[in-house]
Amino acid sequence: MYLVESKGGAIVCMLLSLSFLGTWPALLTLLERRGRLPQHTYLDYSITNLLAAVILAFTFGEIGKTKPEMPNFLTQLSQVDNWPSVLFAMAGGVVLSLGNLSTQYAWAFVGLSVAEVITSSITVVIGTTLNYFLDDKINKAEILFPGVACFMIAVCLGSAVHSSNAADNRVKLSNLASDQNLAAGMTPASAFEGRKDLENGNATVEKAKFGTADFLVELENRRAIKVLGKSIVMGLAITFFAGVCLSLFSPAFNLATNDQWHTLKKGVPKLVLYTAYFYFSVSCFVIAIILNIILLYRPVLKLSRSSLKAYLNDWNGRSWALLAGLLCGFGNGLEFMGGQAAGYAAADSVQALPLVSTFWGIILFGEYRRSSRRTYILLVSMLTMFIIAVGVLMASSGHRK
């Protein structure tokens, strides 16, 4: 079994994980904005997310000879006395699945950049604190907790960015409706409906520029989750719920692999990284499949009702969803590999993934184009906190004995 043993190797794993975990949300957001139902997308994503864990288990988990205290993946898979650690790993998979499923809806309401900032910040504030004590304080507290404080500030700034950007959008849409439709006695809602292209029914005749009111209307007509006119509180509530769920999966995985609570009987080897990740991903997959099949027939947030047959026949964007699952699966695996070597508190620095997501949000989706000066100042301040935070958390890395 291959394990990362050096601090340098752990940092490489964290950086790779950061790029992967910051990219897959952009792919799922892209599909939702193109009109693909999130239930269909998440089912595809879940399949390859599990596949990534299986690949890691049968490659890195099988390298070298098995040892009594550190068995290879297949050897440990047949052992039954380690069920307490297995349950911790599976609990981590459950909360990760709930968190990722929630964020898929949060991205639509709050925007990719801000949703990732808030969820990641909550993950660090709660999860990193728990991991610090679970890891027997191997990370440097005088460096670690100032980094956590930066993430706490980023949560507040992220909420302010969302509120300011929502206000900017309301002004844009109000001006559009006033200029073109109110004189004719039309409501803003009926005005938006009237701007659909008669040929395809979901886009304006002339492609709108990023950040304009026309672009916002075009996006609303095309996307799967309708968000215009919805309360910002709903989006923030979903985002905060996702953040709390995501803050718990890393500590649960930490307990599964290191048995800090001494739940295993004497002589029973701890779960190795790849076995724990396999159980973790299986539970994540099962929960995702159950919840999304339910959501196919009982959708939330006024989404269209679907079916298993419709899902199986929906190949529009499936390759992107499958790629997103692989990126997330390998990203989480690399985070755990780095955490096992340098401490899971330091590995939580990958929660600076909004730096990557914001890049994709601005480049691909035109987020914050033509926004107010106040919004830009808040956005830059938020990202500055993240840059500082990721550097500080990585600097706090210790070495597990």
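This text follows the structure it describes.
For clarity, every value in this text was computed on a predicted model and none was experimentally measured.

S.K.: I'm lost on the environment of L219 in this one. Help?
M.R.: With respect to the element layout, L219 can be found in helix α8 (residues 213–222). Along the chain, L219 and F365 lie 146 residues apart, while their C-alpha atoms are 9.9 Å from each other.

S.K.: Looking at this model, I keep getting lost on a nonpolar patch on the surface. Mind explaining?
M.R.: On the surface, I126, L130, V244 and L248 cluster together to form a nonpolar patch covering roughly 280 Å² of accessible area. Going through the elements one at a time, α5 (112–134) and α9 (232–258) are the ones with two or more residues in the nonpolar patch. Among the secondary structure elements, L248 is positioned in helix α9. Overall, L248 belongs to the partly exposed group, its relative accessible area being 36%.

S.K.: Sorry if this is basic, but what is going on with unusual backbone geometry here?
M.R.: In the Ramachandran plot, H262 falls in the positive-phi region, its phi being about 55° despite a non-glycine side chain. Here H262 shows up in the loop between α9 and α10 (273–297). Of the residues examined, H262 reaches a relative accessible area of 65% and is grouped as exposed.

S.K.: What exactly am I supposed to notice about the pattern of salt bridges here?
M.R.: Any two side chains of opposite charge can pair if their charged atoms end up close together. This model, assessed by the stated rule, comprises six salt bridges. Here D44 and R318 are joined by a salt bridge, their closest N and O atoms 3.0 Å apart. One end of the pair, D44, is in helix α2 (residues 38–59); the other, R318, is in helix α12 (residues 318–342), with 274 residues separating them in the sequence. By relative accessible area, R318 is classed as buried at 7%. Measuring nitrogen to oxygen at the nearest pair gives 3.1 Å for the salt bridge that ties E218 to R222. Taken together, the residues span about one helical turn, with E218 and R222 both in helix α8 at a distance of four residues. Sharing partners across several salt bridges, the network here consists of R36, D44, D314 and R318.

S.K.: What is the right way to read the environment of L246 from this model?
M.R.: Note on placement: L246 falls in helix α9. Taking the C-alpha atoms as reference points, L246 and G93, 153 residues apart in sequence, are found 9.8 Å from one another. Contact partners of L246, with chain neighbours within four places excluded, come to L96, G99, N100, T103, T119 and T123.

S.K.: Would you take a moment to explain the packing of aromatic side chains for this structure?
M.R.: Both the distance between ring centres and the angle between the ring planes are used here to describe each pair of aromatic rings. Using the criterion set out here, one finds 21 aromatic pairs in the structure. With centroids separated by 5.3 Å and ring planes inclined at 70°, the aromatic side chains of F73 and F278 adopt a geometry described as edge-to-face. Highlighted residues: F73 in helix α3 (residues 73–77) and F278 in helix α10, separated in sequence by 205 residues. Under the relative-accessibility criterion, F73 is labelled buried at 0%. Classification of F278 as buried rests on a relative accessible area of 17%. Aromatic pair F253 and F336: ring centres 3.7 Å apart, planes at 5°, arrangement stacked. Taken together, the residues F253 in helix α9 and F336 in helix α12 connect sequence positions 83 residues apart.

S.K.: What is the right way to read α8 from this model?
M.R.: In an α-helix, one turn spans 3.6 residues, which is why side chains three or four residues apart end up on the same side. Within α8, eight of the 10 residues are buried, which leaves the element mostly enclosed by the surrounding structure. Every buried residue of α8 is listed here: A213, F215, L216, V217, E218, L219, E220 and N221.

S.K.: Sorry if this is basic, but what is going on with the nonpolar core here?
M.R.: Across soluble globular proteins, nonpolar side chains have a tendency to be buried as a group. Counting 91 residues, the largest nonpolar core has W24 and F280 as the members making the most contacts within it. Residue contributions to this core peak at 12 residues, all from helix α4 (residues 83–110). Residue contacts for F280: discarding those within four places in its chain leaves A89, G92, G93, L96, F249, F253 and F336. Counting residues in hydrophobic clusters, the runner-up holds eight residues, among them L173, L176, A208 and V217.

S.K.: What am I meant to see in the packing of α4 against α10 here?
M.R.: In the contact formed by α4 and α10, the axes pass within 7 Å of each other and the chain directions differ by 40°. One way to sum up the angle between α4 and α10 is to call them oblique. When you trace α4 past α10, the crossing you get is right-handed. From α4, V86, A89, M90, G92, G93, V94, L96, S97, L98, L101 and Y105 reach across to α10, where they touch A276, Y279, F280, S283, C284, I287, A288, L291, N292 and L295.

Analysis parameters
Residues numbered from 1 in each chain as written. Predicted model: local features only at pLDDT ≥ 70, side-chain atom pairs only at ≥ 80, totals over all residues. Heavy atoms only, no water. Helix = DSSP H or I, 4+ residues; strand = E, 2+ residues; numbered from the N terminus. Patch = residues over 30% accessible without salt bridge, like charges linked within 9 Å, V, L, I, M, F, W, Y side chains within 5 Å. Areas by Shrake-Rupley, 256 points an atom, 1.4 Å probe, with all protein chains shown as cover. Salt bridge = Lys/Arg side-chain N within 4 Å of Asp/Glu carboxyl O. Buried < 20%, exposed > 50% of the residue type's maximum accessible area, 1.4 Å probe, protein only. Contact = heavy atoms within 4.5 Å. Phe/Tyr/Trp six-rings, centres within 6.5 Å; stacked < 30°, edge-to-face > 60°. Core = buried A, V, L, I, M, F, W, Y, C linked by side-chain atoms within 4.5 Å. Axes fitted to C-alpha atoms, helices over the stretch in contact; angles between N-to-C directions. Parallel < 35°, antiparallel > 145°, perpendicular 65-115°, else oblique. Left-handed = near helix turned anticlockwise from the far one by under 90°.

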